[in-house]
Amino acid sequence: MSNIPQIIIDTDPGQDDAAAILMAFGLDKLNKINLLALSCVAGNVPLKYTQKNARIICDWAKRSDLPVYAGAVKPLAKALLTAEEVHGKTGLDGVVLHEPQTPLQNEHAAIFLAQTLLAAEKNSITLVPIGPLTNLALAFLLYPDCVAGVKEIVIMGGTFFEAGNVTPNADFNFFVDPLAAQIVLNSGANIRIVPLDVTHKALATEERMQKLRDLPNENGKRVADILQSYGRFDTQQFGLNGGPLHDPCAVAAAVRPELFSYKEVFVAVDTSFGVCEGASSVDWHGKSGKTPNAYWCYAVDDNAFFDYFTQAIAALP
Ligand code: RIB
Ligand code: CA
């Protein structure tokens, strides 16, 4: 068994997802990870776009061999909320898109996830969900034993010390499907959560995007163009000095956990439909008496993170 992380990314591309997936392809090229597959979920844009975008991104990385699966078209128990105002109607504003060559696999993503985990060595596969958690929840509900194949789940989602980006209390991924997030938190898997608390400190500043533009490969400029478009919404809405790289932070945390700081805490997601819908309740001081179920990332070495991100993008065609 290889000692590098065996990774499946569950994703709703989405501009920051695209940056994360390209980062993963670069890390795969550098033999830092073995990227096994992409499973797609409805989120930033409807599933018909997220699955198409995932295949376009594989084409950009010249990796049409990578299996891509389509999964849930909507959350478990509520209507789908999308974020075209951030990512554009197609989900990949900022660059020219083409009809993807990379094929879509026939199997539903949730079935793929469950069967892959059931067949895997115990504790061998790292799941990196960077969209709503519907596919993982479905897999765990249909085949609870598949959790044994999970080494860890590194989730981009949630917020505690930082205000929400979709409601005052919730991040987009947990708000779109709070029930799915709660099911994953209850799964018993090893979980690390990369919330807005951290991702709002990992910003694609002009200086950092210039370093991407200065790379000699086509994907350096492409990622900079995507992040240029992506960053305009969050800089205006939250007064940030660049687009927060939510999803690339989750990939980095899965591969180089030492770039982040964590606290082991009990986390629950509000699955009611009230003012705190989708909010992540983080028992920071152990007041609940409940056993911790996740490591909560609360700090990042943002310069080291961007150096690593840039190294990964530099490894692409
Ligand atoms: O809250 C940020 C998350 O929601 C990111 O994964 C972004 O892509 C959106 O899915
Ligand atoms: Ca995402």
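Everything discussed here concerns the structure shown above.
The structure reproduced in this document is the subject of the present report. All of these numbers come straight from a predicted model, not from anything done at the bench.

Considerations on the site of ligand 1
Near ligand 1 you find 13 residues, and of these Asp16, Ile130, Asn165, Asp171 and Asp247 are the closest. Note that an oxygen atom of ligand 1 is positioned 3.0 Å from one of the side-chain N or O atoms of Asp12. In this structure, Asn173 approaches ligand 1 through a side-chain N or O atom, which is 2.9 Å from an oxygen atom. Taking 280 Å² as the accessible area of ligand 1 by itself, protein coverage stands at 97%. Put simply, the parts of the chain that give the shell around ligand 1 at least two residues each are helix 1 (15-29), helix 6 (172-176) and helix 11 (246-255). When its residues are assigned to classes, the shell around ligand 1 shows four nonpolar, four polar and five charged.

Topic: the environment of Thr199
Its place among the elements puts Thr199 in helix 8 (residues 196-199). Looking at Thr199, the relative accessible area reads 0%, which means it is buried. Sequence spacing of Thr199 and Tyr298 is 99 residues, and the spatial spacing of their C-alpha atoms is 9.2 Å. Setting aside anything within four residues of it in sequence, one finds Thr199 in contact with Met156, Val194, Pro244, Leu245, His246 and Cys249.

Scoring rules and cut-offs
- Residues numbered from 1 in each chain as written.
- Chains lettered and ligands numbered in written order.
- Predicted model: local features only at pLDDT ≥ 70, side-chain atom pairs only at ≥ 80, totals over all residues.
- Heavy atoms only, no water.
- Near = heavy atom within 4 Å.
- Polar contact = N/O pair within 3.5 Å; in protein donor to acceptor, adjacent residues only side chain to side chain.
- Areas by Shrake-Rupley, 256 points an atom, 1.4 Å probe, with all protein chains shown as cover.
- Helix = DSSP H or I, 4+ residues; strand = E, 2+ residues; numbered from the N terminus.
- Nonpolar A, V, L, I, M, F, W, Y, C, P; charged D, E, K, R; others polar.
- Buried < 20%, exposed > 50% of the residue type's maximum accessible area, 1.4 Å probe, protein only.
- Contact = heavy atoms within 4.5 Å.

So yeah, pure geometry; function would need other evidence.
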